[in-house]
Amino acid sequence: MDKLNIRGGHRLSGDIIVSGAKNAALPELCAALLVAGPVTLDNVPRLQDVATTLKVLRTMGATAERSSSQPDQVLIDASTINTPEAPYELVKTMRASILVLGPLLARFGQATVSLPGGCAIGSRPVDQHIKGLQAMGADIRVEHGNIVARAARLKGARITTDMVTVTGTENLLMAATLAEGETILENAAQEPEIPDLAELLIKMGARIEGHGTHRIRIQGVERLHSPSVAHRIVADRIEAGTFLCAVAATGGDVTLRGARADHLDAVIDKLREAGAHIESGQSAAGEDWIRVQSEGRLRAVSFRTSEYPAFPTDMQAQFMAVNCIAEGVARVSETIFENRFMHVNELVRLGAHIAVDGHTAIVEGIPRLSGAAVMATDLRASASLVIAGLVAEGQTVVDRIYHLDRGYDRMEAKLRGVGADIERIKG
Ligand code: EPZ
């Protein structure tokens, strides 16, 4: 297993190009199942989860390849699908495979998708996905660990999910594009990846309104068509937020190119409260950018995760690392997932003073961490440990960084490009 070897204490300065959003790429790759023809996506991040999704699509008989001439471009053609099934051996490695369920059911009238297991951060059930599809007339049974779904043609329905669910909203949105009549998704997730998915679906002929709000209205159509132009995936706000936290912690001056500040209001507000200086804008060429400058010791800042546009759960571990070396005590509350504090024990190995009480962690900032061998436990925990390693005294080795590779595109190269002393040890 690969490791990252980090020697802390370096300020970061320069530019980082932010990649396309993992959590937009995954549903948008699955959206290509809705049409019998080519779909081209640009700005597709180079991630393990993207590779896994491409493999799932190929397993079904689709063409799903990264362009050899343009490495950030992916071409999918689902006109050759012959097996509308997502097997356990692939789904167990990536829960987001559940996102093939809605498209397969809508286009083929049937789908067999392995019930995703839980993952490190929680049980992560998909009952809302199933409930919504049943409301649209699907017959869904769970047999031998598989979700077996059938529907001659889905019918539009008014669906209110019990809680805000990102992939639940995405699955139901994709299914509704080909349903008969109107679907209204109440309590829909508002994360920026959802409007990005909706824009792709609209380019394919879908009729969608209200995406990005809590109420999405979809008029079903008979069939969708290939988009006439490639769709460029929105920048990854969580990757951008991760780098903002890294620079805030190490000190320095870095500009994130391609990142949208309006997708990170809650995180930027908290970093400014901590003492980082952040500005943003668009270049003459129309490229978004965010600049972060940080000098001296930050102030500890409490926060509570919640659905977008509030502070994202996917940034909780990273901001906790910033609080570890800040001045003061911070209360960090995780309200979305039941087990998303596994980075705490590893941060404590680096000397952090953190006490967990249920869904709240109390972080008492100390002047510096000390390098040690630590172990990644999940995707965002890995990023938290990298940030901690960048500021710890001496050497930090982060093991099991296959977790990191699922969701960060060439992270160590991007950090080295702005002065970090970090290298991958192939294992
Ligand atoms: C998406 O996961 C993201 N993944 C997660 O990012 C992110 O943490 C999460 O949304 C919350 O923002 C992708 O987009 C691929 P949810 P998702 O359904 O859709 C409960 C990362 O680090 N729930 O919004 O699986 C659930 O248990 C990953 O990039 C049900 O009970 O999350 C959780 O407590 C991690 N039943 C809450 O809702 C359901 O049917 C929110 O989950 C669905 C969800």
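Relevant structure appears above.
The structure contained in this document is the topic of the report that follows.

**A word on the site of the ligand**
Point 1. The local shell around the ligand holds 23 residues, among which Gln128, Thr165, Thr167, Asp314 and Ile336 are the closest.
Point 2. For the ligand, an oxygen atom lies 2.7 Å from a polar atom in the backbone of Gln128.
Point 3. One of the side-chain N or O atoms of Thr165 is found 2.7 Å from an oxygen atom in the ligand.
Point 4. If the ligand stood free it would expose 820 Å²; the protein chains cover 88% of that surface.
Point 5. Ranked by residue count, the leading element in the shell around the ligand is helix α5 (residues 127-135), at three residues.
Point 6. For the shell around the ligand, the per-class residue count stands at 10 nonpolar, six polar and seven charged.

**Observations concerning the side chain of Arg340**
Point 1. Residue position: Arg340 is located in the loop between β19 (329-333) and α11 (342-349).
Point 2. Judged by its relative accessible area of 8%, Arg340 falls in the buried class.
Point 3. A distance of 2.7 Å separates a polar atom in the side chain of Arg340 from a polar atom in the side chain of Asp314.
Point 4. Setting aside anything within four residues of it in sequence, one finds Arg340 in contact with Ile121, Thr313, Asp314, Gln316, Glu334 and Arg380.

**Structural notes on the environment of Thr63**
Point 1. Looking at the element boundaries, Thr63 is found in strand β4 (residues 63-66).
Point 2. Between the alpha carbons of Thr63 and Ser226 there is a distance of 14 Å; along the sequence they are 163 residues apart.
Point 3. In this structure, Thr63 is in contact with Leu75, Ile76, Asp77 and Thr80, ignoring residues within four places of it in sequence.

**A closer look at the packing of aromatic side chains**
Point 1. Scanning the entire structure with this criterion turns up three aromatic pairs.
Point 2. Relative to Phe319, the ring of Phe311 has its centre 5.8 Å away and its plane inclined at 80°; by these criteria the two rings are edge-to-face.
Point 3. The buried category is assigned to Phe311, whose relative accessible area is 3%.
Point 4. Looking at Phe319, the relative accessible area reads 0%, which means it is buried.
Point 5. An aromatic cluster of at least three residues, connected via ring pairs, comprises Phe303, Phe311 and Phe319.

**Thoughts on the pattern of salt bridges**
Point 1. Applying the stated criterion across every chain, the model contains 28 salt bridges.
Point 2. In this structure, Arg158 engages Glu186 in a salt bridge whose closest nitrogen and oxygen atoms are separated by 2.5 Å. Note that Arg158 is positioned in strand β10 (residues 158-160) and Glu186 in strand β11 (residues 182-186), a separation of 28 residues in sequence.
Point 3. Linking Glu287 and Arg257 is a salt bridge whose minimum nitrogen-to-oxygen distance equals 3.0 Å. Taken as a pair, Glu287 in the loop between β16 (277-282) and β17 (288-294) and Arg257 in strand β15 (residues 252-257) lie far apart in primary sequence, 30 residues in all.
Point 4. Given the relative accessible area of 28%, Glu287 is considered partly exposed.
Point 5. Assessed through its relative accessible area of 31%, Arg257 is described here as partly exposed.
Point 6. Residues joined in a network through salt bridges with shared partners are Asp2, Asp405, Glu412, Arg424 and Lys426.

**Here we look at the environment of Arg406**
Point 1. Inspection of the secondary structure assignment puts Arg406 in helix α13 (residues 402-407).
Point 2. The class of Arg406 is partly exposed, set by a relative accessible area of 26%.
Point 3. Residues Arg406 and Ala352, 54 residues apart in the sequence, show an inter-C-alpha distance of 26 Å.
Point 4. For Arg406, the contacting residues outside a window of four places in its chain are Lys22, Leu47, Gln48, Asp49, Thr93 and Met94.
Point 5. A polar contact of 2.8 Å, which involves the side chain of Arg406, links it to the side chain of Asp49.

**Concerning helix α6 (residues 166-176)**
Point 1. The element α6 is largely enclosed, with a buried count of nine among its 11 residues.
Point 2. Measuring from the side-chain oxygen of the N-cap residue of α6 to the backbone nitrogen of Gly168 gives 2.9 Å; that N-cap residue is Thr165.

**Section: the sheet that holds β17**
Point 1. Taken in spatial order, the four strands make up an open sheet running β2-β15-β17-β16, and their pairing is mixed. Each of the sheet's edge strands pairs with one partner strand only, and the pair in question is β2 (12-17) and β16. With strand direction ignored, the average angle separating the axes of adjacent strands in the sheet is 10°.
Point 2. Strand direction decides the pairing type here: β15 and β17, joined by six bridges, are antiparallel. Each bridged residue has a counterpart across the sheet, and for Gly252 the counterpart in β17 is Ser294.

**What about the side chain of Gln318?**
Point 1. Locating Gln318 in the fold gives a position in helix α10 (residues 316-324).
Point 2. Judged by its relative accessible area of 0%, Gln318 is buried.
Point 3. What Gln318 contacts, discounting residues up to four positions off in sequence, is Ile238, Thr242, Cys245, Arg380, Ala383, Ser384, Ile387 and Tyr408.

**Some thoughts on the packing of helix α1 (residues 22-31) against helix α2 (residues 48-59)**
Point 1. It is at 10 Å that the axes of α1 and α2 come closest, and there the two elements cross at 5°. Relative to α2, the element α1 is oriented roughly parallel. Across the interface between the two elements, Lys22, Ala25, Leu26, Leu29 and Cys30 from α1 touch Asp49, Val50, Thr53, Leu54 and Leu57 from α2.
Point 2. For the contact of α1 with α2, the class distribution of residues is seven nonpolar, one polar and two charged.

**Here we look at α1**
Point 1. Burial analysis of α1 places nine of its 10 residues in the buried class, which makes it a mostly covered element.
Point 2. Looking at α1, one finds that the buried residues are Lys22, Ala24, Ala25, Leu26, Pro27, Glu28, Leu29, Cys30 and Ala31.

What counts and what doesn't
Residues numbered from 1 in each chain as written. Predicted model: local features only at pLDDT ≥ 70, side-chain atom pairs only at ≥ 80, totals over all residues. Heavy atoms only, no water. Near = heavy atom within 4 Å. Polar contact = N/O pair within 3.5 Å; in protein donor to acceptor, adjacent residues only side chain to side chain. Areas by Shrake-Rupley, 256 points an atom, 1.4 Å probe, with all protein chains shown as cover. Helix = DSSP H or I, 4+ residues; strand = E, 2+ residues; numbered from the N terminus. Nonpolar A, V, L, I, M, F, W, Y, C, P; charged D, E, K, R; others polar. Buried < 20%, exposed > 50% of the residue type's maximum accessible area, 1.4 Å probe, protein only. Contact = heavy atoms within 4.5 Å. Phe/Tyr/Trp six-rings, centres within 6.5 Å; stacked < 30°, edge-to-face > 60°. Salt bridge = Lys/Arg side-chain N within 4 Å of Asp/Glu carboxyl O. Pairing = 2+ DSSP bridges. Axes fitted to C-alpha atoms, helices over the stretch in contact; angles between N-to-C directions. Parallel < 35°, antiparallel > 145°, perpendicular 65-115°, else oblique.

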